[in-house]
Amino acid sequence: MAQFEEVSQKSAVHPKPVGLVLQYGTAGFRTNSKQLDHVMFRMGLLATLRSKKTKATIGVMVTASHNPEEDNGVKLVDPMGEMVTPAWEVYATQLANAEQEELLTALKDVIEREAISMAQEASVFVGKDTRPSSDSLSQAVLDGVHALGGHNYGLVTTPQLHYMVCCQNTQGRYGEATVKGYYRKLSQAFIQLTKNVPNRTDDQKALLVDGANGIGALKVCEMETYLKNELQLSLFNDGSSGKLNHLCGADYVKVQQRAPKGVEMTAGERCCSYDGDADRIVYYYSGSAGRFHLLDGDKIATLISTYLKELLTQAGLDLQIAVVQTAYANGSSTQYLEDTMKVIVRCTKTGVKHLHHAAQEFDIGVYFEANGHGTVLFSKAAEEKIQKLAQDSNTNDERRRAALLLQNTVNLINQTVGDAISDMLLIEAVLAIRGMTVQQWDAIYTDLPNRQLKVKVADRRVIDTTDAERRTVSPAGLQEAIDSRVKKYRRARSFVRPSGTEDVVRVYAEADTQLAWQCTASLEDLMKN
Ligand code: 16G
Ligand code: ZN
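Residues numbered from 1 in each chain as written. Chains lettered and ligands numbered in written order. Predicted model: local features only at pLDDT ≥ 70, side-chain atom pairs only at ≥ 80, totals over all residues.

**Thoughts on the overall build of the chain**
Now for step 1: Assigned secondary structure in the chain consists of 19 helices and 19 strands.
Now for step 2: The C-alpha atoms of the chain give 23 Å as radius of gyration, which agrees with the globular expectation for 529 residues (24 Å, within 12%).
Now for step 3: Principal-axis analysis of the C-alpha atoms gives the chain an extent of 65 × 60 × 45 Å.
Now for step 4: Taking the contacts inside the chain whose residues are at least 6 apart along the sequence as the reference set, 71% of them involve residues at least 24 apart. (Helix = DSSP H or I, 4+ residues; strand = E, 2+ residues; numbered from the N terminus. Rg over C-alpha atoms; globule rule 2.2 N^0.38 Å. Contact = placed C-beta atoms within 7 Å.)

Right under this line is the structure:
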């Protein structure tokens, strides 16, 4: 077939280095950008097949998120804007690792197994971040997609791409499948939410943003005019001079627990950091004694779920709300959510797809990783109930007001995936509506001191975990060794897990004193030996 001949010819332009083996990991393929040209081309092919199979638009995002600028990566986005289904992750790995002469066989194998009709049309949306390598790599994806109906969005944040794929496949019901449509929908919802808040001062509207020198910085600038001064942003690390993710960005701030380079913050000012593709956000401020205070994904989940629960009560809506976390969630946050707020808490394995999936089981599922990636999912039934009440002119004012706030909140949230810009607007709206300062938000509960580090080992795959990565089952004796260390400290908890994105083992510990430091150090020694 002519199609396959074209694949053969074009794949020769994107040859695979012999013997190179890569894995479709937690967030797609991710490694040094020099190794990725053939992977991009092949992911263009696979996205086209996925599109034919689902008869829907599929997304391909070229980014390595918070990784160093030299790296790059690629992930596929399914029709509703979610991560590609696991069976196709396996195909992705097979296709990426097929040697040059095996590529056609591997491709035909997918076509046969999935019974794909090659006559079906395909549509693929491609997005990229601001890395120097993203231009040529996204071109390689497009070569794979070639004439089969690909649409190139150019520079977008990861969540913008997810959003547009979802809009396209729901015939506009979720919104318009353009970047402008995204700005309009979110900004309108934000303005609706904040317009009735009395006496918002300029101070309350002010927010410092660290753009990690990435795509989020460009996009939040584009959005600003739509916000009509309801939010006054001061942007740092906007990409004009600094290097992507270098000493800045959400991952740096969360892991180092310190302010990013280049942000001029004064005591008490609200600040936030995005990561390199703007799907994560963390907040922070500097306390009176210059102490750094971090408000991570757990604090964000708590703020949002408290707000939603309060509105549900005011609206008299009986909807079940749950918070989904991972092993990295600070023990204090879990305790507060379960004991004080009395919401259901679930713990899943690390990686957005696991949290997203678990959150779908509830009327309202708030999910956040401690690293700042998260969003809120509303079931169809929940959305309908909210909408119905918001439009019901027979209901009393308080209930109606709460329902309208809920309705605009739904519109402000990017339900396809965690989104730094959407999360930022939601947090700003919640703080405004509840009249809270960042310090009051921080004081909802106190984080247990914690620390995470990474350890290089000979083969990280020998570590196998269970119970949402909170315990190890192999190698034998490891869990016992961890237990014996942890029991020396109060309110202590610790775990180790192999990273899904780097060749390292991650070690986490928390305890009610800074002794968490000693605990991780001792585990580090253990892992090295
Ligand atoms: C990826 C995941 C993130 C997870 C991180 C863990 C997505 C979109 N991103 O960045 O959710 O926290 O990997 O990395 O799923 P690790 O396995 O190296 O610790
Ligand atoms: Zn990211």
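**A closer look at the site of ligand 1**
Now for step 1: Taken together, the neighbourhood of ligand 1 is formed by 14 residues, with Ala-27, Val-352, Ser-499, Gly-500 and Thr-501 sitting nearest.
Now for step 2: Classifying every residue of the shell around ligand 1 by side-chain character gives two nonpolar, nine polar and three charged. (Near = placed C-beta within 6 Å. Nonpolar A, V, L, I, M, F, W, Y, C, P; charged D, E, K, R; others polar.)

**Topic: the environment of Gly-242**
Now for step 1: Among the secondary structure elements, Gly-242 is positioned in the loop between β7 (232–236) and α10 (250–256).
Now for step 2: In sequence terms Gly-242 and Gly-262 are 20 residues apart; their C-alpha atoms lie 9.0 Å from each other.
Now for step 3: Those residues in contact with Gly-242 that sit more than four places away from it in its chain are Asn-213, Asn-237, Cys-248 and Gly-262.

**Some details on the UniProt feature "domain: Alpha-D-phosphohexomutase alpha/beta/alpha" (unreviewed entry) in the chain**
Now for step 1: In the UniProt entry, the feature "domain: Alpha-D-phosphohexomutase alpha/beta/alpha" (unreviewed entry) is given for residues 52–89 and 105–165.
Now for step 2: Between the C-alpha atoms that bound residues 52–89 there is a distance of 17 Å. The span itself is 18% helix and 34% strand. (UniProt positions renumbered as here; feature names shortened; annotations may be inferred.)

**Examining the nonpolar core**
Now for step 1: Ranked by size, the top nonpolar core spans 127 residues in total, and within it Met-40, Met-43, Val-60, Leu-76 and Ile-304 carry the most contacts.
Now for step 2: Counting residues per element, this core draws most heavily on helix α16 (residues 420–434), at nine residues.
Now for step 3: Among the nonpolar cores identified, the runner-up in size contains 16 residues, and Ala-327, Ala-329, Phe-495 and Ala-509 belong to it. (Core = buried A, V, L, I, M, F, W, Y, C linked by C-beta atoms within 7 Å. Buried ≥ 20, exposed ≤ 12 C-beta atoms within 10 Å, placed from the backbone.)

**Here we look at the pairing of strand β12 (residues 344–348)**
Now for step 1: Summarising the sheet, strand β11 (residues 321–326) and β12 pair through five bridges and their orientation is parallel. Each residue of the ladder has a partner; that of Val-323, found in β12, is Val-345.
Now for step 2: Between the parallel elements β11 and β12, the chain passes through helix α12 (residues 331–340) in a crossover that is right-handed. (Pairing = 2+ DSSP bridges. Right-handed = clockwise from strand over helix to strand, strands pointing away.)

**Here we look at the UniProt feature "binding site: substrate" (unreviewed entry) in the chain**
Now for step 1: According to UniProt, the "binding site: substrate" (unreviewed entry) feature falls on Glu-369, Ala-370, Asn-371, Arg-497, Pro-498, Ser-499, Gly-500, Thr-501 and Arg-506.
Now for step 2: Here Ala-370 shows up in the loop between β13 (364–368) and β14 (374–378).
Now for step 3: Residues in contact with Ala-370, not counting those within four places in the same chain, are Asp-296, Gly-297, Asp-298, Tyr-328, Ala-329 and Asn-330.
Now for step 4: Tracing the backbone through its elements, the reader meets Ser-499 in the loop between β18 (493–498) and β19 (505–510).
Now for step 5: Taking the C-beta count within 10 Å as the criterion, Ser-499 has 14 such neighbours and is therefore assigned partly exposed.

**Observations concerning the sheet that holds β11**
Now for step 1: Strands sit in the order β12-β11-β13-β14 across an open sheet of four strands; the sheet is mixed. Each edge of the sheet is formed by a strand with only one pairing partner; in this case those strands are β12 and β14. If you compare each strand with its neighbour and ignore which way they point, the axes differ by 20 degrees on average.
Now for step 2: Taken together, the five bridges between β13 and β14 define a ladder with antiparallel strand orientation. Each bridged residue has a counterpart across the sheet, and for Tyr-367 the counterpart in β14 is Thr-375.
Now for step 3: Packed on one face of the sheet, helix α11 (residues 297–315) meets β11, β13 and β14 and runs near 165 degrees to β13. (Axes fitted to C-alpha atoms, helices over the stretch in contact; angles between N-to-C directions.)

**Overview of helix α4 (residues 103–113)**
Now for step 1: Where α4 is concerned, the buried positions are Leu-103, Leu-107 and Val-110. Taken down its axis, α4 places every buried residue within 60 degrees of arc, on the same side. α4 presents Thr-105, Lys-108, Glu-112 and Arg-113 as exposed residues on the side facing more than 90 degrees away from its buried surface.
Now for step 2: Of the surrounding elements, those touching the buried residues of α4 are α1 (2–13), α2 (37–54) and α3 (86–97).
Now for step 3: Among the residues trailing α4, Ala-115 stands out with phi positive, at a value near 50 degrees. (Arc of directions from axis to C-beta.)

**Considerations on the pairing of β7**
Now for step 1: Here strand β6 (residues 206–210) pairs with β7 via five bridges, running parallel. Bridged to Ala-206 within β7 is Gln-232.
Now for step 2: A crossover links β6 with its parallel partner β7, the connecting element being helix α9 (residues 215–224), and its sense is right-handed.

**Describing the sheet that holds β19**
Now for step 1: Taken together, three strands build an open sheet; the order of strands is β15-β19-β18 and the sheet is antiparallel. Pairing within the sheet leaves two strands with one partner each, and these edge strands are β15 (450–455) and β18. Taking the axes of each pair of neighbouring strands and ignoring which way they run, one obtains an average angle of 15 degrees across the sheet.
Now for step 2: When β15 meets β19, the two strands line up antiparallel, connected through six bridges. Bridge assignment links Gln-452 to a residue of β19, and that residue is Tyr-508.

**A look at unusual backbone geometry**
Now for step 1: Along the chain, Ser-474 connects to Pro-475 via a cis peptide bond; the corresponding omega equals 0 degrees.
Now for step 2: For Pro-475, the position within the fold is in the loop between β17 (471–474) and α18 (478–486).
Now for step 3: Of note in the backbone geometry, Gln-171 takes a positive phi value of approximately 50 degrees without being a glycine.
Now for step 4: Relative to the assigned elements, Gln-171 resides in the loop between α6 (158–169) and α7 (179–194).
Now for step 5: For Gln-171, a count of 8 C-beta atoms within 10 Å gives the class exposed.
Now for step 6: Backbone geometry places Arg-491, a non-glycine residue, at a positive phi of 45 degrees.
Now for step 7: With respect to the element layout, Arg-491 can be found in the loop between α18 and β18.

**Quick notes on the packing of α11 against α16**
Now for step 1: As a packed pair, α11 and α16 sit with axes 10 Å apart at the nearest point and diverge in direction by 55 degrees. Judged by the inter-axis angle, α11 sits oblique to α16. Both α11 and α16 take part in a crossing whose hand is left-handed. For the pair α11 and α16, contact is made by Ile-300, Leu-303, Ile-304 and Tyr-307 and by Asp-423, Leu-426, Ile-427, Val-430 and Arg-434, respectively.
Now for step 2: Among the residues forming the contact of α11 with α16, the class breakdown is seven nonpolar, no polar and two charged. (Parallel < 35°, antiparallel > 145°, perpendicular 65-115°, else oblique. Left-handed = near helix turned anticlockwise from the far one by under 90°.)

**Some points on the domain arrangement of the chain**
Now for step 1: Assigned domains of the chain: these are domain 1 (2–155), domain 2 (181–295), domain 3 (299–416) and domain 4 (450–528).
Now for step 2: Relative to domain 4, the C-alpha centre of domain 1 lies at a distance of 35 Å. (Domains from an automatic or database assignment.)

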